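# Chain and residue survey
Here's the letter readout for the chains.
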Amino acid sequence: MSLDLIEPILFGLLAVMILGAGLGVVLADRITTSALLMAFTFLNMAGMFVLLGAETIAAFQVLIYVGAITVLILYGVMFTPQAPRSYGLFFQKQTPLGALIAALAALPVMAVAFAFRDSGRLPARGGDLVPIATSVFKDFAFPFEVASVLLLAAMIGAIVLVRRDEE
Amino acid sequence: MVPGPFGLDPTFWAVLRLVISVALVLFLILNGALLLIYLERKILAVMQDRIGPYHVGPFGLLQTFADALKLIAKEDFRAGQTDRAFFLAAPALVFSPMLASFVVIPFGPGIVGADLSIGLLYLATLGSMGVLGIVIAGWASNNKYSLVGGVRSAGQLISYEVPGILSLVTGVLVAGSLSMVAITEGQPGPLVNFFIIPFAFVTYFIAALAETNRTPFDLPEAESELVAGYLTEYSGMRWGTMLALTEYGNVTIVCGIMATLWFGGWQGPGIDSGPITGPLLGVLWFTLKTYAFILVFMWIRATLPRMRIDQLMSFCWKVLIPATLLNLAVTAVLLLAFPGSLVPVAIANWVMVALFMLGLPMLQQRRLRRLRARLRDRAPGMAAAG
């Protein structure tokens, strides 16, 4: 049994888990459950990246989304007062509209997906570390730096907004 | 596919190898935890002028085995108002990243689960995943002390990840690879990376103490203020998995990273001596180096008091992160400016170590003076009393 045979099975499993967990994020009644299921979705996405031979992106996916973003969301949830209100989240009350928009968004995606033909061989497995490094620090160094300046500005803005005045 | 030994079919060998390595790592974690708990109790006892465990077995060696048996035999108990699914999931969420980390640790020449090209990044990634389980445990316990422990843990671990990863990046710049095996093989002589980038080692050591919740950064489970922090509601083997196995497993991993990245991992005298003795000696050197750091961790626990949460955070954001960023920038610039020579990097790093050690007490004194002056201005009566 070689990897070529296992790959579609793994893909199917991951796809089912991503879709299932994604549905759970939207449908779950409690925000903590949603947050944990979201972390699960991110983990499965990392599995997809590994399947595509992009281990570095998978590692960053887990490092940033599971290790930091989900924890920060849980952190926020813990500091939010739990008012005695119905747990139905904002988007659960608009099911018909949501279904319509989802269907509209799904149409072009499906059109593209079914029109896709294998466009020759992908680069062989051998790690994606070097390709990522060259594209970030050589080919697209300027956009990368612009994005980081943007993030810096956002961070300074956040600090200024929450800063208490010196008494 | 790796061909198997003794003419085994490669596919069969791949599965067999997986089973053997997971079993070996589980064996290592379980026994390592028993041994480390015994060592910690004995060393703390010696440092505090006590005897420590001595009833069960020779020198009390079997004490931790007895404790583990008791934990396994305990009733699987859950307090009534806890959040069932999260409460049960939290120990697994903490344990499994730690277990998976052992895949890339090179124990000896040729003895490694998988030589990933992104080994160090993989370890940093799994290190960051453990926070999730701790936060969930604190939340699900439905207990104020647990929640405070979980929230502290989230703040502390996410903050200290930054200097930890920045120090690792500095080490990777000098080593030239993210693969743990390649990093080890790049330090054959006695001139290991520690002599080139000691400052990155110092900052990583501090960050590693914080990331494994060890004293002086054990705020998430501070027993004198929070009962046991996020562990308060746990008992039996769930408690054992979260505290004993995971904490000591994580300590082993960060000490293994330090031994590999800065002290040459399994490199040592006699590793080329033969097909059997070479790997065995390599395992010995790796174990000795790793356990040396673990002993320092225990020594620190016996010596230093716990930091306050505001001191902890301000130390990370105001001292450690600027220092590691500066170190990273200086190392990168010097490596580009003097290609092929590591001497300028080494000089700059040793200077930074000296400045760090001299500057920190001075900063602290200035801060204390300012604090006293402010107190005096605000309440003259109180300052006189203090």
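Residues numbered from 1 in each chain as written. Chains lettered and ligands numbered in written order. Predicted model: local features only at pLDDT ≥ 70, side-chain atom pairs only at ≥ 80, totals over all residues.

### Observations regarding the overall build of chain B
Each helix and strand counted, chain B has 13 helices and zero strands in total. Counting across all 386 residues of chain B, residues that qualify as buried make up 43%. For chain B, the proportion of contacts with a sequence separation of at least 24, taken over those separated by at least 6, is 75%. (Helix = DSSP H or I, 4+ residues; strand = E, 2+ residues; numbered from the N terminus. Buried ≥ 20, exposed ≤ 12 C-beta atoms within 10 Å, placed from the backbone. Contact = placed C-beta atoms within 7 Å.)

### Comments concerning the overall build of chain A
Along chain A, the regular secondary structure elements total six helices and zero strands. In sequence order, the secondary structure elements of chain A are arranged as α-α-α-α-α-α. Within chain A, the fraction of its 167 residues that count as buried is 15%. Sequence separation of 24 or more characterises 54% of the internal contacts of chain A that already satisfy a separation of 6 or more.

### Describing the domain arrangement of chain B
Residues and elements named next belong to chain B. Entries for chain B in the domain assignment read domain 1 (14–73) and domain 2 (78–385). One C-alpha centre belongs to domain 1, the other to domain 2, and the line joining them spans 22 Å. With 16 residues of domain 1 at the interface, the matching set in domain 2 holds 15 residues. Of all the secondary structure elements, the ones that give two or more residues to the side of domain 1 that touches domain 2 are helix 1 (10–47) and helix 2 (63–73). Per element, the largest residue contribution to the side of domain 1 that touches domain 2 is 12 residues, and it comes from helix 1. (Domains from an automatic or database assignment.)

### Quick look at helix 12 (residues 343–378) of chain B
Residues and elements named next belong to chain B. The end-to-end C-alpha separation of helix 12 is 52 Å, in line with the 52 Å expected for 36 residues at 1.5 Å each. For helix 12, the principal kink sits at Gly359 and spans about 30°; a proline, Pro361, occurs within the next four residues. Among the 36 residues that make up helix 12, three are buried, leaving the element largely open to the surroundings. Looking at the buried residues of helix 12, the elements they touch are helix 5 (144–175), helix 7 (198–211) and helix 11 (309–337). (Expected span 1.5 Å × (residues − 1). Bend = angle between axes of the 7 residues up to and from the residue.)

### Brief notes about the environment of Ala68 of chain A
Note that Ala68 of chain A resides in helix 3 (residues 55–79). Note: C-alpha distance between Ala68 of chain A and Val136 of chain A (68 residues apart in sequence) is 22 Å. The residues touching Ala68 of chain A, leaving out its near neighbours within four places in the chain, are Ser128 and Ile158 of chain B.

### Re unusual backbone geometry
Residues and elements named next belong to chain B. Of note, Asp49 is a non-glycine position whose phi angle comes to about 60°, a positive value. When you line up the elements, Asp49 lands in the loop between helix 1 and helix 2. You can call Asp49 exposed: it has 6 C-beta atoms within 10 Å. Even without being glycine, Phe59 reaches a positive phi, approximately 55°. On the neighbour-count criterion, Phe59 (13 C-beta atoms within 10 Å) is partly exposed.

### Some details on the packing of helix 3 of chain A against helix 4 (residues 119–140) of chain B
Put simply, helix 3 of chain A and helix 4 of chain B touch, their axes get as near as 9 Å, and they point 20° apart. Here helix 3 of chain A lies roughly parallel to helix 4 of chain B, going by the angle between them. As helix 3 of chain A runs across helix 4 of chain B, the sense of the crossing is left-handed. Packed against helix 3 of chain A, whose contacting residues are Thr56, Ala59, Val62, Leu63, Val66, Gly67, Ala68, Thr70, Val71, Leu74 and Met78 of chain A, the element helix 4 of chain B presents Leu121, Tyr122, Ala124, Thr125, Ser128, Met129, Val131, Leu132, Val135 and Trp139 of chain B at the interface. Here the residues of the contact of helix 3 of chain A with helix 4 of chain B sort into 16 nonpolar, five polar and no charged. (Axes fitted to C-alpha atoms, helices over the stretch in contact; angles between N-to-C directions. Parallel < 35°, antiparallel > 145°, perpendicular 65-115°, else oblique. Left-handed = near helix turned anticlockwise from the far one by under 90°. Nonpolar A, V, L, I, M, F, W, Y, C, P; charged D, E, K, R; others polar.)

### Details of the environment of Thr125 of chain B
Structurally, the position occupied by Thr125 of chain B is in helix 4. Residue classification places Thr125 of chain B among the buried residues on the basis of 24 C-beta atoms within 10 Å. Along the chain, Thr125 of chain B and Ile165 of chain B lie 40 residues apart, while their C-alpha atoms are 9.8 Å from each other. Dropping the residues within four chain positions of it, Thr125 of chain B is found in contact with Ala59, Val62, Leu63 and Gly67 of chain A.

### Considerations on the confidence of the model for chain B
All names here are of chain B. Of the residues in chain B, 96% have a pLDDT of 70 or more, and the chain-wide mean is 83. Considering each helix and strand of chain B separately, the mean pLDDT is smallest for helix 13 (residues 380–385), with a value of 53, and largest for helix 7, with 90. Interface confidence for the predicted complex, given as ipTM, is 0.74, next to a pTM of 0.84. (pLDDT = per-residue confidence, 0-100.)

### Some thoughts on the packing of helix 9 (residues 236–263) of chain B against helix 10 (residues 277–303) of chain B
Any two packed helices are characterised by how steeply their axes cross, that is the angle between the axes, and by the distance between the axes. Residues and elements named next belong to chain B. In contact at an axis separation of 8 Å, helix 9 and helix 10 are set at 120° when each is read in the N-to-C sense. Relative to helix 10, the element helix 9 lies oblique. Crossing hand, helix 9 versus helix 10: right-handed. Facing helix 9, whose interface residues are Val251, Thr252, Cys255, Gly256, Met258, Ala259 and Phe263, helix 10 presents Phe286, Lys289, Thr290, Phe293, Ile294 and Phe297. Per-class residue counts for the contact of helix 9 with helix 10 are nine nonpolar, three polar and one charged.

### Notes on the environment of Pro305 of chain B
Here Pro305 of chain B lies in the loop between helix 10 and helix 11. C-alpha of Pro305 of chain B to C-alpha of Asp218 of chain B: the two residues are 87 residues apart in sequence and 9.9 Å apart in space.

### Remarks on helix 7 of chain B
Residue and element names in this part refer to chain B. Over its 14 residues, helix 7 extends 20 Å from the first C-alpha to the last, a length consistent with the 20 Å expected when each residue adds 1.5 Å. The buried fraction of helix 7 is high, at 12 of 14 residues. Tucked into the core, helix 7 has its buried residues touching helix 4, helix 5, helix 9, helix 10, helix 11 and helix 12.

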